[in-house]
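# Coordinate inspection notes
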Amino acid sequence: MNRYFWILGAFAALVVLLAVGLGLNPRDVPSPLVGKPAPAFSLPVLATPNKTLSPKDMQGKVWLLNVWASWCVSCRAEHPVLVDFSRKTDVPLIGLNYKEVRGDGGFDMGKMAPDEERKLAFQRANQWLTEHGDPYKLTVMDLDGRVGIDYGVYGVPETYVIDKAGVIRMKHTGPLSPEVLSQKIMPLLAELAK
Amino acid sequence: MKSLLTLIFALFLTSTAAIAVDSATEAALAADPVAEKRLQKLSEELRCLVCQNQTIADSNAELAQDLRREVRAMIKAGKSDKEIVDFMVVRYGDFVLYRPPVKGITLLLWGGPVLLMLLGLFALVRYLRRRSTRIDAEEQPLSAAEAGRADALLKENNLK
């Protein structure tokens, strides 16, 4: 009898282990960048291609960096949440357009000249924002995804909360839901704004 | 049936050919075989975060291609293997390593299998010991009291 008790106990432990393990989100990889200064970059601004923006320009402000691309399906799902956010708060939301042309997969990059890629990327990004609304204070263009690598981007969309000192305080991978925004990001923003 | 087999074989051939062309273009990018070997070795140590059970050597995901490109650029720039791996860990965390480092949080991961094996060995030894004492007990001759009781029972039966 005692023996069956052991087997049953081991089985129950296995069930609990699997229930917890399978319930976790494998995409939820903790970012080592949280608590570290936001990696520097200097990228052209979508609206004013001759000007660049770098995180230093945002010093002294609490801001959000949202990684997006027009080919990214989840970004479309997330977009209304961002538009709503930009209407409700005056926290600057900066867009980081990630590999607008290269990431699409529909182009033969071997045949495309850099100038052509740049032109097409700006055109596509602008068109997307015209169609779906522009929640961003401004968007910067990361054509080859190098800045994305510095930020550890692996699944668009991703969102970073950056504090007044330029330190990343939170990273969210995947589309922002209204719940994540209201329960996690808004309280954090309120705290950081103090 | 035969035509079906031919079809499958043809499909197989074309698919492998496609893969071969793809890797050929990548190989062409790095003419230096030594650097290419290092790239291959490093890529096999790094996890692709998009398809999490593949290394960036195996994966053809966009991100894996970008990361291979970064590794290649760093090799060209004369960076050491450690510097390259650190570059990845700073950005993507320990998760990017296929062999996670031994530290507090990964102790169970590394020690777990050993622990389970010790537990199994312990259970096995205990079971074997118990079994042998049981067998020993069974093989022992009857004690005087037991023999007396057995005799009594036999006699009782004879009387009936």
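Up top is the structure these notes are about.
Residues numbered from 1 in each chain as written. Chains lettered and ligands numbered in written order. Predicted model: local features only at pLDDT ≥ 70, side-chain atom pairs only at ≥ 80, totals over all residues. Heavy atoms only, no water.

## Quick word on the overall build of chain A
From N to C terminus, chain A includes 5 helices and 7 strands. Element order for chain A, N to C, with α for helix and β for strand: α-β-β-β-α-β-α-β-α-β-β-α. Scaling as 2.2 N^0.38, a compact globule of 194 residues should have a C-alpha radius of gyration of about 16 Å, whereas chain A reaches 21 Å, well beyond that. Across the 194 residues of chain A, 45% fall into the buried class. (Helix = DSSP H or I, 4+ residues; strand = E, 2+ residues; numbered from the N terminus. Rg over C-alpha atoms; globule rule 2.2 N^0.38 Å. Buried < 20%, exposed > 50% of the residue type's maximum accessible area, 1.4 Å probe, protein only.)

## A closer look at the overall build of chain B
Along the backbone of chain B there are 6 helices and 0 strands. In chain B, the succession of α and β elements from N to C terminus is α-α-α-α-α-α. Counting every position in chain B, which comprises 160 residues, the buried fraction comes to 21%. Sequence separation of 24 or more characterises 48% of the internal contacts of chain B that already satisfy a separation of 6 or more. Element-wise, carbon and sulfur atoms account for 66% of the exposed surface of chain B, whose accessible area totals about 11900 Å². (Contact = heavy atoms within 4.5 Å. Areas by Shrake-Rupley, 256 points an atom, 1.4 Å probe, with all protein chains shown as cover.)

## Here we look at helix H3 (residues 114–132) of chain A
Residues and elements named next belong to chain A. With 19 residues, H3 ought to run about 27 Å at 1.5 Å a step, and its terminal C-alpha atoms sit 27 Å apart, in line with that. Next to the buried residues of H3 lie strand E1 (43–44), strand E3 (63–68), helix H2 (73–88), strand E4 (93–98) and strand E5 (138–142). Within two residues after H3, Gly133 carries a phi angle of roughly 95 degrees, on the positive side. (Expected span 1.5 Å × (residues − 1).)

## What about the pairing of E3 of chain A?
All names here are of chain A. Judged by how many residues are buried, E3 sits mostly within the fold: 6 of 6 residues are covered. Residue alternation in E3 divides its side chains into two sets, Trp63, Leu65 and Val67 and Leu64, Asn66 and Trp68, and both sets are buried. Pairing between E3 and E4: 5 bridges, direction parallel. From the neighbouring strand, Asn66 faces E4, where its bridge partner is Gly95. One crossover worth recording links E3 to the parallel E4 by way of H2, and it is right-handed. (Pairing = 2+ DSSP bridges. Right-handed = clockwise from strand over helix to strand, strands pointing away.)

## Describing unusual backbone geometry
All names here are of chain A. Note the cis peptide between Val156 and Pro157, where omega equals 0 degrees. Of note, Pro157 is situated in the loop between helix H4 (146–150) and strand E6 (158–162). Although it is not a glycine, Lys99 sits at a positive phi angle of roughly 45 degrees. Topologically, Lys99 is positioned in the loop between E4 and H3.

## Let's talk about a nonpolar patch on the surface
Together, Val114, Met117, Leu118, Leu121, Leu124, Tyr127 and Leu128 of chain B make up a nonpolar patch on the protein surface, roughly 680 Å² of accessible area in all. Mapped onto the secondary structure, Leu118 of chain B falls in helix H5 (residues 107–139). (Patch = residues over 30% accessible without salt bridge, like charges linked within 9 Å, V, L, I, M, F, W, Y side chains within 5 Å. Salt bridge = Lys/Arg side-chain N within 4 Å of Asp/Glu carboxyl O.)

## Some remarks on the side chain of Thr106 of chain B
Residues and elements named next belong to chain B. Relative to the helices and strands, Thr106 resides in the loop between helix H4 (81–92) and H5. Judged by its relative accessible area of 11%, Thr106 is buried. Only 2.7 Å separates the side chain of Thr106 from the backbone oxygen of Pro101, close enough to count as a polar contact. In this structure Thr106 touches Pro100 and Pro101, once residues within four positions along its chain are discounted. (Polar contact = N/O pair within 3.5 Å; in protein donor to acceptor, adjacent residues only side chain to side chain.)

## Topic: the environment of Gly145 of chain A
Residue and element names in this part refer to chain A. Topologically, Gly145 is positioned in the loop between E5 and H4. Owing to a relative accessible area of 0%, Gly145 belongs among the buried residues under this scheme. When the C-alpha positions of Gly145 and Tyr98 are compared, they lie 5.8 Å apart, and in sequence the two are 47 residues distant. Sequence-distant contacts of Gly145, defined by excluding residues within four places in its chain, comprise Tyr98 and Lys99.

## Notes on the nonpolar core
Ranked by size, the top nonpolar core spans 74 residues in total, and within it Tyr151 and Ile185 of chain A together with Val71 of chain B carry the most contacts. Dropping the residues within four chain positions of it, Tyr151 of chain A is found in contact with Leu33, Ala38, Pro39, Phe41, Pro55, Leu65, Tyr160, Ile168 and Lys171 of chain A. (Core = buried A, V, L, I, M, F, W, Y, C linked by side-chain atoms within 4.5 Å.)

## Structural notes on the packing of aromatic side chains
One pass over the structure, following the stated rule, counts 4 aromatic pairs over all chains. In this structure an aromatic cluster arises from ring pairing among Phe41, Tyr151 and Tyr160 of chain A. Looking at Arg47 of chain B, its charged tip hangs above the ring of Phe95 of chain B, at a distance of 4.7 Å from the centre. Taking NZ or CZ as reference, Arg91 of chain B lies 3.7 Å from the ring centre of Phe87 of chain B, over its face. (Phe/Tyr/Trp six-rings, centres within 6.5 Å; stacked < 30°, edge-to-face > 60°. Lys NZ or Arg CZ within 6 Å of the ring centre and 35° of its normal.)

## Overview of the side chain of Asn97 of chain A
Residue and element names in this part refer to chain A. Within the secondary structure layout, Asn97 lies in strand E4. For Asn97, the side chain forms a polar contact with the side chain of Glu100, separated by 2.7 Å. Beyond its immediate stretch of four places on either side in the chain, Asn97 contacts Trp68, Ala69, Ala125, Thr139, Val140, Met141 and Asp142.

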